[in-house]
Amino acid sequence: MEESEGGPVAEDVRRRILSMLAQGTLHPGSRLGSEREMAERFAVSRATVRSALVPLSRAGILERQTGRGGGTFVRADVVQRNVAELVGLPTRLHIGGHTSDTRVLSTSRRPATAAERSALEIGDEAEVFDVRRLRYADGVPLSVDTACFAAERVPDLLEQPLGGSLYELCQVRYGLTADSSTETIEVVSANPREAEWLDVPHRRPLLAITRVTRNTDGRPFEYSYDLFRADRVRLTATMTSAVAQETRGVDGKVERVVSRLAAHRRPDDTLLA
C-alpha cells in the first residue's frame, strides 16, 4: 500500500522538523520519539505524523527503528573504516567529511593483566597506563576506546593532554611511531554502562576491535579494545594475493587472518588515532 504524504497539516509538521534541524535543536542521532509522543508534541493525530514522516524518511533525513528504545531518529551517516588501516579515527572522519570530538572517560596506572603482558611483550611486574575515551562523529557517540600503553615506554603519559591524537603524542614525545597494527574483530552486546555511553539500548550489537600497535623497531607499545556502534560504522578490507588465512582459535571459533603490510601504505597515510 502506497504511504500517503498527507495534506497541509502534515506539511506543516515536516517544515517544523526541518526548521529544528536547521536551528540545531535536532542533530544527527537525535530521537524524535514514538508516533504517540510526536503526535502530542506537534498537537496532531498519529496518522498525520505518519504522513509527515514519509518524505523525510524517503529522503534519508529520518529513520525509523523498531523494538525497545525504538522510534524515529535523525539519520546519522555511517563512518567507513578500513580493517587494520594505518590511518587513525580522526583522520578517517575528516577524510569522510565528518566532524570528530573526544571525551576522556577515565585514566589509570595499574599492573598489567596477563593478556596485556602477552600483547605488549612486557614482564610480570610491568605496569600499564589505561586511557578510556568516548569518540564522537558529527556530534553523535561512535565508539568507546580503551588503550593500554606499556608504562616504561611512555613514563609521563597521564600528565599530557589526552583529548587529541595519542599516536601523535607518542611519536612527538616518546619517539614511538605506529608502524603496523594487528586487529581482531568480533560482535558483542552492549552492557548497561557501554549502552549509556554510546546512547544505544542495552544488549545492542557492537563491533569490538582489539588492536596491537607496533613501533618501527617491531616492539608493541599499545594494546587497545575499541567498541563501535554497529549502526554507525562500516568495515572494509582490501586484499591482495595470499594475504588471508583461516585458523581455529582456542575457543573453537574460526579465525580469518588478513595481513595488511606497512609497505603497502600510501605516503600520506599516517596514524593519528
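About the cut-offs
Residues numbered from 1 in each chain as written. Predicted model: local features only at pLDDT ≥ 70, side-chain atom pairs only at ≥ 80, totals over all residues. Heavy atoms only, no water. Helix = DSSP H or I, 4+ residues; strand = E, 2+ residues; numbered from the N terminus. Buried < 20%, exposed > 50% of the residue type's maximum accessible area, 1.4 Å probe, protein only. Core = buried A, V, L, I, M, F, W, Y, C linked by side-chain atoms within 4.5 Å. Contact = heavy atoms within 4.5 Å. Salt bridge = Lys/Arg side-chain N within 4 Å of Asp/Glu carboxyl O. Pairing = 2+ DSSP bridges. Axes fitted to C-alpha atoms, helices over the stretch in contact; angles between N-to-C directions. Expected span 1.5 Å × (residues − 1). Parallel < 35°, antiparallel > 145°, perpendicular 65-115°, else oblique. Nonpolar A, V, L, I, M, F, W, Y, C, P; charged D, E, K, R; others polar. Polar contact = N/O pair within 3.5 Å; in protein donor to acceptor, adjacent residues only side chain to side chain. Phe/Tyr/Trp six-rings, centres within 6.5 Å; stacked < 30°, edge-to-face > 60°.

- In the annotation of an unreviewed UniProt entry, the entry for the protein chain reads HTH-type transcriptional regulator FrlR, and the organism field reads Mycobacteroides franklinii.

## Remarks on the environment of T184
Here comes step 1: Relative to the helices and strands, T184 resides in strand 8 (residues 180-189).
Here comes step 2: Judged by relative accessible area, T184 falls into the partly exposed class, the value being 46%.
Here comes step 3: Sequence spacing of T184 and A208 is 24 residues, and the spatial spacing of their C-alpha atoms is 8.0 Å.

## With respect to the nonpolar core
Here comes step 1: In terms of nonpolar packing, the biggest core is built from 16 residues, with F149, V154, L157, C170 and F221 touching the most fellow members.
Here comes step 2: Broken down by secondary-structure element, the contributors of at least two residues to this core are strand 6 (127-137), strand 7 (140-150) and helix 6 (166-174).
Here comes step 3: Those residues within four positions of F149 in sequence are excluded, and the remaining contacts are L120, E127, V128, F129, V154, L157, L166, C170, F221 and E222.
Here comes step 4: One finds I17, A39, F42 and V49 within the second-largest nonpolar core, a separate group that totals 15 residues.

## Remarks on the pattern of salt bridges
Here comes step 1: As enumerated under the stated definition, the model contains 20 salt bridges in all.
Here comes step 2: In this structure, the salt-bridge partner of R135 is D145, at a minimum N-O distance of 2.9 Å. A residue pair is termed long-range when its members are at least 10 positions apart, and R135 in strand 6 and D145 in strand 7 qualify at ten residues.
Here comes step 3: The exposure class of R135 is buried, given its relative accessible area of 4%.
Here comes step 4: Across the pair R211 and E222 runs a salt bridge, and its minimum N-O distance is 3.7 Å. Pair noted here: R211 is in strand 9 (residues 205-214) and E222 is in strand 10 (residues 220-229), with a separation of eleven residues, a long-range link. Both residues of the pair, R211 and E222, count as buried.
Here comes step 5: Salt bridges sharing partners connect three or more residues here, namely E183, R211, E222 and D226.

## A word on the sheet that holds strand 5 (residues 100-111)
Here comes step 1: Across the sheet, six strands lie side by side as 5-6-7-10-9-8; this open sheet has antiparallel pairing. The open sheet is flanked by strand 5 and strand 8, the only strands paired with a single partner. Strand-to-strand twist across the sheet, computed as the mean angle between neighbouring axes with direction ignored, equals 15°.
Here comes step 2: Note that strand 5 and strand 6 share eleven bridges and pair antiparallel. In the strand pairing of strand 6, T102 is matched with R135.

## A closer look at helix 3 (residues 46-58)
Every α-helix carries 3.6 residues per turn, so stepping three or four residues along brings you back to the same face.
Here comes step 1: With 13 residues, helix 3 extends 19 Å between its outermost C-alpha atoms, agreeing within 8% with the 18 Å of an ideal straight helix rising 1.5 Å per residue.
Here comes step 2: Those residues of helix 3 lying buried are T48, V49, S51, A52, L53, V54 and L56.

## Remarks on the packing of helix 2 (residues 35-42) against helix 3
Here comes step 1: Helix 3 packs onto helix 2 with a crossing angle of 100° between their chain directions and a minimal axis gap of 9 Å. As the angle between them shows, helix 2 and helix 3 are arranged roughly perpendicular. Of the residues in helix 3, those in contact with E35, R36, M38 and A39 of helix 2 are R46, V49, R50 and L53.
Here comes step 2: Of the residues in the contact of helix 2 with helix 3, the class split is four nonpolar, no polar and four charged.

## Points about the side chain of N215
Here comes step 1: By the element assignment, N215 lies in the loop between strand 9 and strand 10.
Here comes step 2: At 2.8 Å, the side chain of N215 forms a polar contact with the backbone nitrogen of T177.
Here comes step 3: Within the local environment of N215, its side chain forms a polar contact with the side chain of T216, the two groups lying 3.5 Å apart.
Here comes step 4: Ignoring sequence-local partners within four residues, the contact set of N215 consists of R153, G175, L176, T177, D179 and F221.

## Points about the packing of aromatic side chains
Here comes step 1: Applying the stated criterion across every chain, the model contains two aromatic pairs.
Here comes step 2: Centre to centre, the rings of F149 and F221 are 6.4 Å apart; their planes meet at 25°, and the pair counts as stacked. Of this pair, F149 sits in strand 7 while F221 sits in strand 10; the two residues are 72 residues apart in sequence, bridging distant segments of the chain. You'll find F149 and F221 in the same group, each marked buried.
Here comes step 3: Judged by centre distance (6.3 Å) and plane angle (80°), the rings of Y167 and F221 are edge-to-face. Of the two residues, Y167 sits in helix 6 while F221 sits in strand 10, which places them 54 residues apart along the sequence.
Here comes step 4: A network of ring pairs unites the aromatic residues F149, Y167 and F221 as a single cluster.

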